[in-house]
Amino acid sequence: KAVVSTQSGHYGRGVTLILHCLDNKMARPQVSIHGCEDGALISRQLALPAIFKAPIRPDVVHFVHSNIAKNHRQAYAVSREAGHQTSAESWGTGRAVARIPRVRGGGTHRSGQGAYGNMCRSGRMFAPTKTFRKWHRRVNRKMRRYAICSAVAASALPSLLMARGHKVDKVAEVPCVIEAGVESITKTKQAVTLMKAIGAYDDVEKAKESRKVRTGVGKIRNRRHTMRKGPLVIYKEDNGITKAFRNLPGVTLLNVSRMNLLHLAPGGHLGRFCIWTEPAFKALGEIYPSNILPRDMMKNADLTRIINSDEIQRVVRPTKDQRRPAIKKNPLKNINVMIRLNPYAKIAKL
């Protein structure tokens, strides 16, 4: 059912009728469905879930992503004994050397060298790292849900997908929905054929060609290669779909009931190309109903247009003319100012 309410129109002109959809199915755009066999669009359509109307907040997404990404870190620290595994004592004053502790003994180059300090060779670091650092971050549940809603809503805008680098030129429309039979695919060959049919395989090829050896020391720490992100396949029931798609370069799989912001907005950047199965797309309306979704702070975010509109400018106070204070000039250096003060100065100068 729907409720029709009246309120003053845009900028106070007339009356606007606003249709509040309570069942998430009325007055919503329809989304086409691709067949799971040949990828062609079928006659059946789905109503766009309410989550795609959520406000897109890059600031919230970046904040939540940067905090929850810290929760898989492992603790590290230097050894407690590092830099102190030698016997050293300061020589004190009166010997014309610094009072840093020095290695005891003789008969070797090491004796007499500074030790312990962070400025010494083989000394400890300044403020040695500890394992009891605060590694993890807690993020409010409401903010985490807000970020996921924003990321899902942004995945329906082709401009954001292209700005993020996804190849969606041949995709019929986004969100891209495939009928339920795709969840039973078990062979990668079938998955490749389907991705080519719906026009999403160009994004897989882009990820495949981007695989390069990592720069820096990470290449010897079990992360030798880097690769761009490809499509994100979201399903409801795993009847073999993970086995079919998991070997495609850049492709990530997610369960719709366990959506992860780290995959929906990698790097904290909105616009991940998502491929939905039909059951997962229908489940969005149940998991994120319209009554729990975040709402816009402003219905019209074009603040400049609102302020400069005739209705606002008609009632606001006119701008005041601000007189800038005159700059005082030195008559001893400026002849024109001197003449204004002393007309005889022109004759005296001659």
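Heads up: the structure comes first, above all this text.
Summary of the structure given here. (Residues numbered from 1 in each chain as written. Predicted model: local features only at pLDDT ≥ 70, side-chain atom pairs only at ≥ 80, totals over all residues. Heavy atoms only, no water.)

Quick look at the pairing of strand 11 (residues 252-255)
In strand 11, alternate side chains face the same way, and those of T252 and L254 on one face and L253 and N255 on the other are all buried. As judged from the four bridges shared by strand 10 (residues 232-235) and strand 11, these two strands associate in the parallel manner. Looking across to strand 11, one finds that V233 is bridged to L253. (Buried < 20%, exposed > 50% of the residue type's maximum accessible area, 1.4 Å probe, protein only. Helix = DSSP H or I, 4+ residues; strand = E, 2+ residues; numbered from the N terminus. Pairing = 2+ DSSP bridges.)

Some points on the environment of V168
Tracing the sequence through the fold places V168 in the loop between helix 3 (158-163) and strand 7 (176-178). In sequence terms V168 and A77 are 91 residues apart; their C-alpha atoms lie 45 Å from each other. When sequence neighbours within four positions are dropped, the list of residues in contact with V168 reads L161, M162 and F273. (Contact = heavy atoms within 4.5 Å.)

Things to note about the sheet that holds strand 11
Spatially, six strands are ordered 4-3-7-12-10-11 in an open sheet, and the strand pairing comes out mixed. The open sheet has two free edges, formed respectively by strand 4 (41-47) and strand 11, since each of these has just one partner strand. Ignoring which end each strand starts from, the neighbouring axes of this sheet average 35° apart. As paired elements, strand 10 and strand 12 (residues 274-277) share three bridges and run parallel to each other. Following the sheet pairing, L232 is matched in strand 12 by C274. Against the sheet, helix 8 (residues 278-287) touches strand 3 (30-34), strand 4, strand 7, strand 10 and strand 12, its axis set at about 90° to strand 12. (Axes fitted to C-alpha atoms, helices over the stretch in contact; angles between N-to-C directions.)

Examining the packing of helix 1 (residues 58-68) against helix 2 (residues 141-154)
At a minimum axis distance of 9 Å, the contact between helix 1 and helix 2 shows a crossing angle of 120°. Classified by the angle between their axes, helix 1 and helix 2 sit oblique to one another. Remark: the crossing between helix 1 and helix 2 carries left-handed chirality. Side by side, helix 1 and helix 2 meet where V60, V61, F63, V64 and I68 of the first sit next to M143, R144, Y146, A147 and S150 of the second. Among the residues forming the contact of helix 1 with helix 2, the class breakdown is eight nonpolar, one polar and one charged. (Parallel < 35°, antiparallel > 145°, perpendicular 65-115°, else oblique. Left-handed = near helix turned anticlockwise from the far one by under 90°. Nonpolar A, V, L, I, M, F, W, Y, C, P; charged D, E, K, R; others polar.)

What to know about the nonpolar core
Formed by 40 residues in total, the largest nonpolar core has its most connected members in I234 and W276. By residue number, the principal contributor to this core is helix 2, which donates eight residues. Discounting residues that sit within four places of it in the chain, W276 has contacts with F52, V152, P175, C176, V177, I178, I234, V256, M259, F281 and L284. (Core = buried A, V, L, I, M, F, W, Y, C linked by side-chain atoms within 4.5 Å.)

Re the pattern of salt bridges
Evaluation of the coordinates by the stated rule reveals six salt bridges. Its salt-bridge partner being R44, residue E278 comes within 2.7 Å of it at the nearest N-O pair. Placement of the pair is E278 in helix 8 and R44 in strand 4, with a sequence separation of 234 residues. Look at E278 and you get buried, because its relative accessible area is 5%. Overall, the relative accessible area of 38% leaves R44 in the partly exposed class. (Salt bridge = Lys/Arg side-chain N within 4 Å of Asp/Glu carboxyl O.)

Regarding the side chain of T242
Its place among the elements puts T242 in helix 6 (residues 241-245). Relative accessible area serves as the criterion here: at 17%, T242 is assigned to the buried category. At 2.8 Å, the side chain of T242 forms a polar contact with the side chain of D238. (Polar contact = N/O pair within 3.5 Å; in protein donor to acceptor, adjacent residues only side chain to side chain.)

Section: unusual backbone geometry
Cis rather than trans, the peptide bond between V174 and P175 has omega equal to 0°. On the secondary structure map, P175 appears in the loop between helix 3 and strand 7. Unusually for a residue other than glycine, Y116 sits at a positive phi of about 75°. Mapping Y116 onto the fold places it in the loop between strand 6 (102-103) and helix 2. Unlike most non-glycine residues, A127 shows phi in positive territory, near 50°. Relative to the helices and strands, A127 resides in the loop between strand 6 and helix 2.

What to know about the state of the cysteines
Throughout the structure, instances matching the rule amount to zero disulfides. Here C149 stays unpaired: no disulfide links it, and the sulfur of C274, its closest cysteine neighbor, is 13 Å away. (Disulfide = S-S within 2.5 Å.)

Structural notes on the side chain of S155
By the secondary structure assignment, S155 is in the loop between helix 2 and helix 3. Overall, the relative accessible area of 2% leaves S155 in the buried class. Among the polar contacts made by the side chain of S155, one reaches the main-chain carbonyl oxygen of V152 at a distance of 2.5 Å. Residues in contact with S155, not counting those within four places in the same chain, are F52, L161, V174, R272 and C274.

Re the packing of aromatic side chains
Here the structure, examined in full by the defined rule, presents four aromatic pairs. Seen from their ring centres, F52 and W276 are 6.1 Å apart, and the 75° between their planes marks the pair as edge-to-face. Placement of the pair is F52 in the loop between strand 4 and helix 1 and W276 in strand 12, with a sequence separation of 224 residues. Judged by its relative accessible area of 8%, F52 falls in the buried class. One aromatic cluster is present, built from ring pairs that chain together F52, W276 and F281. The cationic tip of R102 hangs over the ring face of W91; the distance from NZ or CZ to the ring centre is 5.3 Å. The aromatic ring of Y201 is capped on one face by K196, whose charged end is 5.2 Å from the ring centroid. (Phe/Tyr/Trp six-rings, centres within 6.5 Å; stacked < 30°, edge-to-face > 60°. Lys NZ or Arg CZ within 6 Å of the ring centre and 35° of its normal.)

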